[in-house]
2 protein chains.
Amino acid sequence: MNILNERIKTDGIVIKERILKIDSFLNHQIDPKIMNYVVSEFKEYFKNSGITKVLTIEASGIAPAIMTAAAFEVPMLFAKKAKPNSMTSDFYVTNIYSYTKEENRTVIISKEFLNKNDRVLIIDDFLAMGEASLGLIDLVKQADAEVAGIGICVEKSFQIGRQRLEDAGVDVFSISRITSLKDNTIRFMEG
Amino acid sequence: MNILNERIKTDGIVIKERILKIDSFLNHQIDPKIMNYVVSEFKEYFKNSGITKVLTIEASGIAPAIMTAAAFEVPMLFAKKAKPNSMTSDFYVTNIYSYTKEENRTVIISKEFLNKNDRVLIIDDFLAMGEASLGLIDLVKQADAEVAGIGICVEKSFQIGRQRLEDAGVDVFSISRITSLKDNTIRFMEG
(Lines give C-alpha, C1' and ligand atoms only; values in the text may rest on other atoms or scores of the structure.)
Protein backbone atom coordinates (compact mmCIF):
# COMPACT_ATOMS: atom_id res chain seq x y z
CA MET A 1 0.00 0.00 0.00
CA ASN A 2 1.20 3.49 -0.87
CA ILE A 3 0.76 5.20 2.50
CA LEU A 4 1.69 8.59 1.06
CA ASN A 5 -1.20 8.38 -1.42
CA GLU A 6 -3.49 7.26 1.39
CA ARG A 7 -2.45 10.18 3.55
CA ILE A 8 -2.92 12.64 0.67
CA LYS A 9 -6.45 11.27 0.14
CA THR A 10 -7.22 11.73 3.84
CA ASP A 11 -5.56 15.06 4.60
CA GLY A 12 -4.75 16.78 1.30
CA ILE A 13 -6.71 19.93 0.47
CA VAL A 14 -7.24 21.04 -3.13
CA ILE A 15 -7.23 24.78 -3.77
CA LYS A 16 -8.51 26.15 -7.09
CA GLU A 17 -8.01 22.82 -8.95
CA ARG A 18 -4.27 23.48 -9.13
CA ILE A 19 -2.75 23.73 -5.67
CA LEU A 20 -2.49 20.75 -3.34
CA LYS A 21 -2.06 21.73 0.30
CA ILE A 22 -0.38 18.96 2.27
CA ASP A 23 1.36 21.00 4.92
CA SER A 24 -0.12 18.94 7.75
CA PHE A 25 2.34 16.10 7.05
CA LEU A 26 4.87 16.99 4.33
CA ASN A 27 6.12 20.56 4.20
CA HIS A 28 5.29 22.55 7.31
CA GLN A 29 4.33 19.96 9.86
CA ILE A 30 6.12 16.74 8.88
CA ASP A 31 5.10 13.24 9.91
CA PRO A 32 8.19 11.04 10.43
CA LYS A 33 6.11 7.92 9.61
CA ILE A 34 5.51 9.29 6.10
CA MET A 35 9.19 10.19 5.83
CA ASN A 36 10.24 6.66 6.85
CA TYR A 37 7.99 5.21 4.16
CA VAL A 38 9.20 7.58 1.46
CA VAL A 39 12.84 6.96 2.36
CA SER A 40 12.43 3.18 2.31
CA GLU A 41 11.05 3.45 -1.24
CA PHE A 42 13.92 5.71 -2.35
CA LYS A 43 16.40 3.29 -0.80
CA GLU A 44 14.93 0.31 -2.60
CA TYR A 45 14.76 2.07 -5.98
CA PHE A 46 18.24 3.62 -5.93
CA LYS A 47 20.06 0.91 -3.94
CA ASN A 48 22.36 -0.06 -6.84
CA SER A 49 23.01 3.49 -8.06
CA GLY A 50 26.27 4.04 -6.18
CA ILE A 51 24.98 7.16 -4.42
CA THR A 52 27.75 9.19 -2.73
CA LYS A 53 25.74 12.28 -1.83
CA VAL A 54 22.15 13.48 -1.42
CA LEU A 55 21.37 17.00 -2.64
CA THR A 56 18.30 19.14 -2.01
CA ILE A 57 17.26 22.77 -1.65
CA GLU A 58 16.08 24.56 1.45
CA ALA A 59 13.69 24.45 3.15
CA SER A 60 11.09 21.71 2.66
CA GLY A 61 13.44 19.34 0.82
CA ILE A 62 15.69 19.04 3.86
CA ALA A 63 13.58 16.60 5.89
CA PRO A 64 13.25 13.87 3.24
CA ALA A 65 16.85 14.50 2.11
CA ILE A 66 18.54 14.06 5.50
CA MET A 67 16.57 10.89 6.22
CA THR A 68 17.44 9.53 2.76
CA ALA A 69 21.10 10.39 3.36
CA ALA A 70 20.95 8.53 6.68
CA ALA A 71 19.52 5.47 4.90
CA PHE A 72 22.34 5.54 2.31
CA GLU A 73 24.96 6.48 4.96
CA VAL A 74 26.23 9.36 2.82
CA PRO A 75 26.36 13.14 3.45
CA MET A 76 23.42 15.40 2.60
CA LEU A 77 23.99 18.81 1.05
CA PHE A 78 21.37 21.51 0.69
CA ALA A 79 21.48 24.46 -1.70
CA LYS A 80 21.01 27.72 0.18
CA LYS A 81 19.16 30.80 -0.82
CA ALA A 82 21.63 33.64 -1.16
CA LYS A 83 21.66 37.29 -1.92
CA PRO A 84 23.33 37.97 -5.26
CA ASN A 85 25.88 40.25 -3.58
CA SER A 86 27.15 37.46 -1.34
CA MET A 87 28.63 35.55 -4.28
CA THR A 88 32.28 34.61 -4.31
CA SER A 89 34.33 32.12 -6.29
CA ASP A 90 33.83 29.59 -3.46
CA PHE A 91 30.29 28.74 -4.62
CA TYR A 92 28.44 27.17 -7.49
CA VAL A 93 25.48 29.44 -8.23
CA THR A 94 22.22 28.90 -10.07
CA ASN A 95 18.88 30.67 -10.46
CA ILE A 96 15.53 29.04 -9.85
CA TYR A 97 12.22 30.58 -10.78
CA SER A 98 9.36 30.00 -8.35
CA TYR A 99 5.97 29.91 -10.08
CA THR A 100 4.27 29.89 -6.69
CA LYS A 101 6.04 32.99 -5.44
CA GLU A 102 6.57 34.50 -8.91
CA GLU A 103 10.18 35.35 -8.19
CA ASN A 104 13.72 34.28 -9.03
CA ARG A 105 15.80 32.77 -6.27
CA THR A 106 19.57 32.60 -6.38
CA VAL A 107 20.83 29.45 -4.67
CA ILE A 108 24.37 28.31 -3.93
CA ILE A 109 26.43 25.39 -2.75
CA SER A 110 30.02 25.47 -1.56
CA LYS A 111 32.38 24.09 -4.20
CA GLU A 112 34.26 22.07 -1.60
CA PHE A 113 31.30 19.72 -1.00
CA LEU A 114 30.70 18.44 -4.53
CA ASN A 115 33.25 17.09 -7.00
CA LYS A 116 33.65 14.95 -10.12
CA ASN A 117 33.69 11.69 -8.18
CA ASP A 118 30.23 12.26 -6.73
CA ARG A 119 27.13 10.37 -7.83
CA VAL A 120 24.32 12.58 -6.58
CA LEU A 121 20.76 11.66 -5.65
CA ILE A 122 18.57 14.78 -5.83
CA ILE A 123 15.63 14.75 -3.41
CA ASP A 124 12.70 17.16 -3.18
CA ASP A 125 9.25 17.22 -1.63
CA PHE A 126 7.35 18.41 -4.72
CA LEU A 127 7.74 18.23 -8.49
CA ALA A 128 5.53 20.51 -10.59
CA MET A 129 7.27 22.66 -13.23
CA GLY A 130 10.66 21.13 -12.40
CA GLU A 131 12.46 24.43 -11.81
CA ALA A 132 14.07 23.44 -8.50
CA SER A 133 15.29 20.07 -9.79
CA LEU A 134 16.68 21.62 -12.98
CA GLY A 135 18.58 24.15 -10.86
CA LEU A 136 20.02 21.35 -8.72
CA ILE A 137 21.03 19.41 -11.87
CA ASP A 138 22.80 22.56 -13.05
CA LEU A 139 24.77 22.74 -9.77
CA VAL A 140 25.78 19.07 -10.07
CA LYS A 141 26.95 19.63 -13.65
CA GLN A 142 28.98 22.70 -12.66
CA ALA A 143 30.85 20.40 -10.25
CA ASP A 144 31.42 17.82 -13.03
CA ALA A 145 29.59 15.35 -10.80
CA GLU A 146 26.93 12.93 -12.02
CA VAL A 147 23.19 12.95 -11.31
CA ALA A 148 22.35 9.38 -10.29
CA GLY A 149 18.63 10.15 -10.16
CA ILE A 150 15.88 12.28 -8.69
CA GLY A 151 13.60 11.16 -5.87
CA ILE A 152 10.38 13.12 -5.42
CA CYS A 153 7.76 12.74 -2.69
CA VAL A 154 4.78 14.19 -4.59
CA GLU A 155 4.68 14.72 -8.34
CA LYS A 156 1.98 16.73 -10.08
CA SER A 157 2.03 14.62 -13.24
CA PHE A 158 -0.30 17.02 -15.09
CA GLN A 159 2.45 19.65 -15.10
CA ILE A 160 5.57 19.51 -17.26
CA GLY A 161 8.26 18.98 -14.61
CA ARG A 162 8.80 15.24 -15.18
CA GLN A 163 9.02 15.70 -18.95
CA ARG A 164 11.62 18.44 -18.59
CA LEU A 165 13.73 16.27 -16.28
CA GLU A 166 13.46 13.23 -18.54
CA ASP A 167 14.43 15.43 -21.50
CA ALA A 168 17.53 16.29 -19.47
CA GLY A 169 18.32 12.56 -19.37
CA VAL A 170 17.60 12.04 -15.69
CA ASP A 171 15.83 9.11 -14.01
CA VAL A 172 12.88 10.45 -11.97
CA PHE A 173 11.28 8.33 -9.26
CA SER A 174 8.21 9.78 -7.52
CA ILE A 175 6.43 8.14 -4.59
CA SER A 176 3.07 9.78 -5.30
CA ARG A 177 1.99 10.72 -8.85
CA ILE A 178 -1.08 12.92 -9.05
CA THR A 179 -2.77 13.05 -12.45
CA SER A 180 -5.50 15.57 -11.74
CA LEU A 181 -6.93 17.94 -9.15
CA LYS A 182 -10.00 18.78 -11.25
CA ASP A 183 -13.41 19.04 -9.57
CA ASN A 184 -11.48 19.31 -6.30
CA THR A 185 -10.80 15.57 -6.51
CA ILE A 186 -7.31 14.13 -6.15
CA ARG A 187 -6.61 11.45 -8.75
CA PHE A 188 -3.51 9.24 -8.73
CA MET A 189 -1.66 7.40 -11.46
CA GLU A 190 -2.53 3.70 -11.52
CA GLY A 191 0.02 1.08 -10.45
CA MET B 1 33.01 10.09 23.76
CA ASN B 2 31.33 13.23 22.45
CA ILE B 3 31.68 12.66 18.71
CA LEU B 4 30.27 16.11 17.90
CA ASN B 5 33.07 17.76 19.92
CA GLU B 6 35.60 15.49 18.22
CA ARG B 7 34.29 16.44 14.78
CA ILE B 8 34.30 20.15 15.64
CA LYS B 9 37.97 19.81 16.72
CA THR B 10 38.83 18.10 13.44
CA ASP B 11 36.79 20.11 10.92
CA GLY B 12 35.66 23.31 12.63
CA ILE B 13 37.15 26.56 11.37
CA VAL B 14 37.37 29.64 13.59
CA ILE B 15 36.89 33.01 11.91
CA LYS B 16 37.83 36.22 13.73
CA GLU B 17 37.68 34.57 17.21
CA ARG B 18 33.89 34.75 17.12
CA ILE B 19 32.49 32.71 14.24
CA LEU B 20 32.71 28.92 14.12
CA LYS B 21 32.31 27.50 10.62
CA ILE B 22 31.07 23.93 10.73
CA ASP B 23 29.20 23.79 7.46
CA SER B 24 31.03 20.65 6.32
CA PHE B 25 28.94 18.49 8.68
CA LEU B 26 26.21 20.50 10.45
CA ASN B 27 24.51 23.25 8.51
CA HIS B 28 25.20 23.11 4.78
CA GLN B 29 26.60 19.67 4.22
CA ILE B 30 25.18 17.46 6.97
CA ASP B 31 26.66 14.18 8.17
CA PRO B 32 23.92 11.73 9.19
CA LYS B 33 26.33 9.99 11.59
CA ILE B 34 26.61 13.22 13.58
CA MET B 35 22.82 13.64 13.43
CA ASN B 36 22.27 10.09 14.72
CA TYR B 37 24.58 10.79 17.66
CA VAL B 38 22.97 14.13 18.49
CA VAL B 39 19.49 12.66 18.29
CA SER B 40 20.35 9.71 20.53
CA GLU B 41 21.55 12.19 23.17
CA PHE B 42 18.36 14.29 22.86
CA LYS B 43 16.27 11.13 23.13
CA GLU B 44 18.04 10.00 26.30
CA TYR B 45 17.86 13.42 27.97
CA PHE B 46 14.20 14.20 27.16
CA LYS B 47 12.81 10.62 27.23
CA ASN B 48 10.54 11.26 30.23
CA SER B 49 9.39 14.72 29.16
CA GLY B 50 6.17 13.65 27.44
CA ILE B 51 7.14 15.28 24.13
CA THR B 52 4.21 15.54 21.69
CA LYS B 53 5.86 17.72 19.04
CA VAL B 54 9.28 18.90 17.88
CA LEU B 55 9.57 22.53 16.76
CA THR B 56 12.37 24.26 14.87
CA ILE B 57 12.95 27.07 12.40
CA GLU B 58 14.01 26.82 8.78
CA ALA B 59 16.46 26.04 7.38
CA SER B 60 19.35 24.47 9.27
CA GLY B 61 17.26 23.36 12.26
CA ILE B 62 15.19 21.04 10.07
CA ALA B 63 17.68 18.17 9.78
CA PRO B 64 18.23 17.58 13.51
CA ALA B 65 14.55 18.31 14.20
CA ILE B 66 13.06 15.73 11.80
CA MET B 67 15.45 13.04 13.00
CA THR B 68 14.62 13.87 16.63
CA ALA B 69 10.91 13.75 15.79
CA ALA B 70 11.43 10.32 14.19
CA ALA B 71 13.15 9.11 17.38
CA PHE B 72 10.23 10.33 19.55
CA GLU B 73 7.65 9.21 16.97
CA VAL B 74 5.93 12.61 17.04
CA PRO B 75 5.36 15.23 14.31
CA MET B 76 7.92 17.90 13.54
CA LEU B 77 6.87 21.47 12.82
CA PHE B 78 9.12 24.18 11.41
CA ALA B 79 8.55 27.92 11.60
CA LYS B 80 8.67 29.46 8.15
CA LYS B 81 10.09 32.75 7.07
CA ALA B 82 7.29 34.91 5.76
CA LYS B 83 6.76 38.28 4.25
CA PRO B 84 4.88 40.58 6.63
CA ASN B 85 2.12 41.07 4.05
CA SER B 86 1.33 37.36 3.92
CA MET B 87 0.00 37.37 7.49
CA THR B 88 -3.52 36.20 8.21
CA SER B 89 -5.34 35.13 11.35
CA ASP B 90 -4.41 31.51 10.54
CA PHE B 91 -0.85 31.95 11.81
CA TYR B 92 1.08 32.61 14.98
CA VAL B 93 3.69 35.22 14.11
CA THR B 94 6.91 36.30 15.78
CA ASN B 95 9.98 38.35 14.90
CA ILE B 96 13.53 37.11 15.24
CA TYR B 97 16.59 39.31 14.96
CA SER B 98 19.59 37.78 13.22
CA TYR B 99 22.88 39.16 14.55
CA THR B 100 24.72 37.37 11.73
CA LYS B 101 22.64 38.91 8.98
CA GLU B 102 21.76 42.08 10.92
CA GLU B 103 18.11 41.89 9.98
CA ASN B 104 14.71 41.07 11.42
CA ARG B 105 12.95 37.97 10.15
CA THR B 106 9.23 37.42 10.50
CA VAL B 107 8.45 33.74 11.04
CA ILE B 108 5.11 31.96 11.25
CA ILE B 109 3.48 28.66 12.12
CA SER B 110 -0.05 27.56 11.25
CA LYS B 111 -2.32 27.72 14.29
CA GLU B 112 -3.81 24.34 13.48
CA PHE B 113 -0.56 22.50 14.24
CA LEU B 114 0.05 23.62 17.84
CA ASN B 115 -2.43 23.66 20.72
CA LYS B 116 -2.66 23.76 24.50
CA ASN B 117 -2.21 20.00 24.87
CA ASP B 118 1.21 20.04 23.21
CA ARG B 119 4.48 19.57 25.07
CA VAL B 120 7.03 20.95 22.67
CA LEU B 121 10.71 20.12 22.30
CA ILE B 122 12.48 22.99 20.53
CA ILE B 123 15.50 21.90 18.46
CA ASP B 124 18.11 24.05 16.75
CA ASP B 125 21.58 23.63 15.30
CA PHE B 126 23.18 26.64 17.02
CA LEU B 127 22.67 28.67 20.19
CA ALA B 128 24.48 32.00 20.45
CA MET B 129 22.39 35.04 21.40
CA GLY B 130 19.24 32.93 21.75
CA GLU B 131 17.07 34.99 19.41
CA ALA B 132 15.73 32.05 17.39
CA SER B 133 14.90 29.96 20.46
CA LEU B 134 13.20 32.91 22.18
CA GLY B 135 11.09 33.43 19.05
CA LEU B 136 10.09 29.76 19.04
CA ILE B 137 9.22 29.94 22.77
CA ASP B 138 7.01 32.92 21.93
CA LEU B 139 5.17 30.88 19.26
CA VAL B 140 4.62 28.00 21.71
CA LYS B 141 3.23 30.42 24.31
CA GLN B 142 0.88 32.03 21.79
CA ALA B 143 -0.59 28.55 21.28
CA ASP B 144 -0.93 28.04 25.08
CA ALA B 145 1.28 24.99 24.66
CA GLU B 146 4.17 24.09 26.95
CA VAL B 147 7.90 24.16 26.22
CA ALA B 148 9.24 20.81 27.46
CA GLY B 149 12.83 21.82 26.75
CA ILE B 150 15.35 23.01 24.20
CA GLY B 151 17.86 20.74 22.49
CA ILE B 152 20.84 22.43 20.83
CA CYS B 153 23.59 20.86 18.75
CA VAL B 154 26.28 23.51 19.29
CA GLU B 155 26.16 26.17 22.01
CA LYS B 156 28.51 29.12 22.12
CA SER B 157 28.58 29.29 25.91
CA PHE B 158 30.52 32.57 25.89
CA GLN B 159 27.46 34.36 24.50
CA ILE B 160 24.30 35.13 26.43
CA GLY B 161 21.81 32.80 24.71
CA ARG B 162 21.72 30.10 27.38
CA GLN B 163 21.31 32.64 30.18
CA ARG B 164 18.38 34.30 28.38
CA LEU B 165 16.66 30.94 27.88
CA GLU B 166 17.23 29.88 31.49
CA ASP B 167 15.85 33.24 32.61
CA ALA B 168 12.74 32.34 30.60
CA GLY B 169 12.45 29.21 32.76
CA VAL B 170 13.38 26.72 30.06
CA ASP B 171 15.58 23.61 30.36
CA VAL B 172 18.43 23.85 27.80
CA PHE B 173 20.39 20.75 26.79
CA SER B 174 23.31 21.27 24.40
CA ILE B 175 25.40 18.47 22.93
CA SER B 176 28.49 20.62 22.41
CA ARG B 177 29.31 23.59 24.65
CA ILE B 178 32.06 25.85 23.41
CA THR B 179 33.58 28.17 26.00
CA SER B 180 35.99 30.12 23.82
CA LEU B 181 37.22 30.66 20.29
CA LYS B 182 40.07 32.95 21.38
CA ASP B 183 43.48 32.63 19.72
CA ASN B 184 41.67 30.68 16.98
CA THR B 185 41.45 27.73 19.38
CA ILE B 186 38.21 25.91 20.10
CA ARG B 187 37.74 25.22 23.81
CA PHE B 188 34.95 23.04 25.21
CA MET B 189 33.23 22.96 28.59
CA GLU B 190 34.54 20.13 30.78
CA GLY B 191 32.39 17.10 31.53
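**Student:** I would appreciate a short explanation of the pattern of salt bridges in the present structure.
**Tutor:** Pairs can form between side chains of opposite charge once their charged atoms are near each other. By the definition in use, this model includes 24 salt bridges over all chains. For A:K21, the salt bridge is made with A:D23, and the minimal N-O distance between the two is 3.4 Å. Notably, a salt bridge pairs B:E6 with B:K9, separated by 3.4 Å at the nearest N-O pair. Of the two residues, B:E6 and B:K9 both sit in helix α1 (residues 3-11), three residues apart, roughly one turn of that helix. Counted as one network, the salt bridges with shared partners bring together A:R7, A:D11, A:D31 and A:K33.

**Student:** How do you make sense of helix α3 (residues 62-72) of chain B when you look at a structure like this?
**Tutor:** Because each turn of an α-helix spans 3.6 residues, side chains separated by three or four positions end up pointing in the same direction. Residues and elements named next belong to chain B. Most of α3 sits out of view: nine of its eleven residues are buried. Buried within α3 we find I62, A63, P64, A65, I66, M67, T68, A69 and F72. Directly beyond the C-terminal end of α3, a positive phi value near 55 degrees is found at E73.

**Student:** What exactly am I supposed to notice about the packing of helix α2 (residues 32-46) of chain A against helix α3 (residues 62-72) of chain A here?
**Tutor:** Each pair of packed helices can be described by the angle between their axes along with the distance between the axes. Residues and elements named next belong to chain A. In the contact formed by α2 and α3, the axes pass within 9 Å of each other and the chain directions differ by 50 degrees. In terms of orientation, α2 and α3 fall into the oblique class. Of the two elements, α2 crosses α3, and the hand of that crossing is right-handed. Contacts between α2 and α3 involve M35, N36, V39, F42, K43 and F46 from the first element and A63, P64, M67, T68, A71 and F72 from the second. Of the residues in the contact of α2 with α3, the class split is nine nonpolar, two polar and one charged.

**Student:** Before we go on, may I ask you to explain the interface of chain A and chain B in this structure?
**Tutor:** Interface size, as often reported, equals the accessible area lost upon joining of the parts. The partner chain B presents 32 residues to the 32 residues of chain A that form the contact. Summed over both partners, the interface of chain A with chain B buries about 2,500 Å², with 64% contributed by carbon and sulfur atoms. At the surface where chain A touches chain B, the tally comes to two salt bridges. Between A:K21 and B:E112 there is a salt bridge, with the nearest N and O atoms lying 3.7 Å from each other. If you look at where chain A meets chain B, you find ten residue pairs in polar contact (both at pLDDT 80 or more). Elements with a minimum of two residues in the side of chain A that touches chain B: β3 (29-30), α2, α3, β5 (76-81) and β7 (103-110) of chain A. By residue number, the principal contributor to the side of chain A that touches chain B is α3(A), which donates six residues. Here the side of chain A that touches chain B is composed, by residue class, of 18 nonpolar, six polar and eight charged.

**Student:** I tried to follow the packing of aromatic side chains on my own but got confused; where do I start?
**Tutor:** Between two aromatic rings, the relevant description is the distance of the centres plus the angle of the planes. By the definition in use, this model includes ten aromatic pairs over all chains. Ring centres 4.8 Å apart and planes at 80 degrees place the aromatic pair B:Y45 and B:F46 in the edge-to-face group. The class for B:F46 is buried, based on a relative accessible area of 1%. The interplanar angle of 5 degrees and the centroid separation of 4.1 Å between the aromatic rings of B:Y45 and B:F173 together place this pair among those described as stacked. One end of the pair, B:Y45, is in helix α2 (residues 32-46); the other, B:F173, is in strand β10 (residues 172-180), and 128 residues separate them in sequence. Note on B:Y45: relative accessible area 37%, which makes it partly exposed. Chaining the aromatic ring pairs together yields one cluster made of A:F42, A:Y45, A:F46 and A:F173. Over the ring of A:F72 we find A:K43, and its NZ or CZ is 5.6 Å from the ring centre.

**Student:** When you look at the layout of surface pockets in this model, what are you seeing that I'm missing?
**Tutor:** The gaps of empty space that remain are located by a probe, the size of a water molecule, rolled over the atoms. Residues and elements named next belong to chain A. The calculated volume of the second largest pocket comes to roughly 190 Å³. A total of three residues in the lining of the second largest pocket trace back to one element, the largest contributor, which is α2. Counted by class, the lining of the second largest pocket contains four nonpolar, three polar and five charged residues.

**Student:** What am I meant to see in the nonpolar core here?
**Tutor:** The tendency in soluble globular proteins is for nonpolar side chains to be buried side by side. Ranked by internal contacts, the top residues of the largest apolar core, which has 78 residues, are A:L4, A:I8, B:L4 and B:I8. In this structure A:L4 touches A:F25, A:I34, A:Y37, A:V38, A:C153, A:V154, A:I175 and A:S176, once residues within four positions along its chain are discounted.

**Student:** In this structure, what is going on with the side chain of B:K156? I would like to understand it.
**Tutor:** Residues and elements named next belong to chain B. Residue position: K156 is located in strand β9 (residues 146-156). Although K156 is buried, it forms no salt bridge, and the closest oppositely charged side chain is D125 at an N-O distance of 11 Å. In this view, K156 contacts R18, I19, F126, L127, A128, I178 and L181; residues no more than four positions away in its chain are not counted.

**Student:** Would you mind showing me how to read a nonpolar patch on the surface here?
**Tutor:** A surface patch of nonpolar side chains, amounting to about 220 Å² of accessible area, comprises B:I13, B:I15 and B:I19. Among the secondary structure elements, B:I19 is positioned in strand β2 (residues 19-21).

**Student:** Help me understand the relation of the copies chain A and chain B, please; the structure alone is not making it clear to me.
**Tutor:** The operation relating the pair of chain copies consists of a rotation about an axis and a translation along that axis. At an RMSD of 0.0 Å, chain A and chain B line up after a rotation of 180 degrees and a shift of 0.0 Å along the axis. What we have between these two chains is a two-fold relation. When the interface residues of chain A are mapped onto chain B, 100% of them again lie at the interface, so the same face is used by both copies.

**Student:** In this structure, what is going on with the environment of B:S60? I would like to understand it.
**Tutor:** The topology assignment puts B:S60 in the loop between β4 (53-57) and α3. Residues B:S60 and B:I30, spaced 30 residues apart in sequence, show a C-alpha to C-alpha distance of 9.4 Å. Other than its neighbours up to four places away in sequence, B:S60 contacts A:F78, B:N27 and B:D125.

About the cut-offs
Residues numbered from 1 in each chain as written. Chains lettered and ligands numbered in written order. Predicted model: local features only at pLDDT ≥ 70, side-chain atom pairs only at ≥ 80, totals over all residues. Heavy atoms only, no water. Salt bridge = Lys/Arg side-chain N within 4 Å of Asp/Glu carboxyl O. Helix = DSSP H or I, 4+ residues; strand = E, 2+ residues; numbered from the N terminus. Buried < 20%, exposed > 50% of the residue type's maximum accessible area, 1.4 Å probe, protein only. Axes fitted to C-alpha atoms, helices over the stretch in contact; angles between N-to-C directions. Parallel < 35°, antiparallel > 145°, perpendicular 65-115°, else oblique. Left-handed = near helix turned anticlockwise from the far one by under 90°. Contact = heavy atoms within 4.5 Å. Nonpolar A, V, L, I, M, F, W, Y, C, P; charged D, E, K, R; others polar. Buried area = accessible area lost by both parts, 1.4 Å probe. Polar contact = N/O pair within 3.5 Å; in protein donor to acceptor, adjacent residues only side chain to side chain. Phe/Tyr/Trp six-rings, centres within 6.5 Å; stacked < 30°, edge-to-face > 60°. Lys NZ or Arg CZ within 6 Å of the ring centre and 35° of its normal. 1 Å grid on protein atoms, 1.4 Å probe; cavity = no way out; pocket = protein on both sides within 12 Å on 5 of 7 lines; lining within 4 Å. Points joined across faces, edges and corners; volume = space filled by probe spheres on them. Core = buried A, V, L, I, M, F, W, Y, C linked by side-chain atoms within 4.5 Å. Lys, Arg positive; Asp, Glu negative; His and termini not counted. Patch = residues over 30% accessible without salt bridge, like charges linked within 9 Å, V, L, I, M, F, W, Y side chains within 5 Å. Areas by Shrake-Rupley, 256 points an atom, 1.4 Å probe, with all protein chains shown as cover. Least-squares fit on C-alpha atoms with pLDDT ≥ 70 in both.

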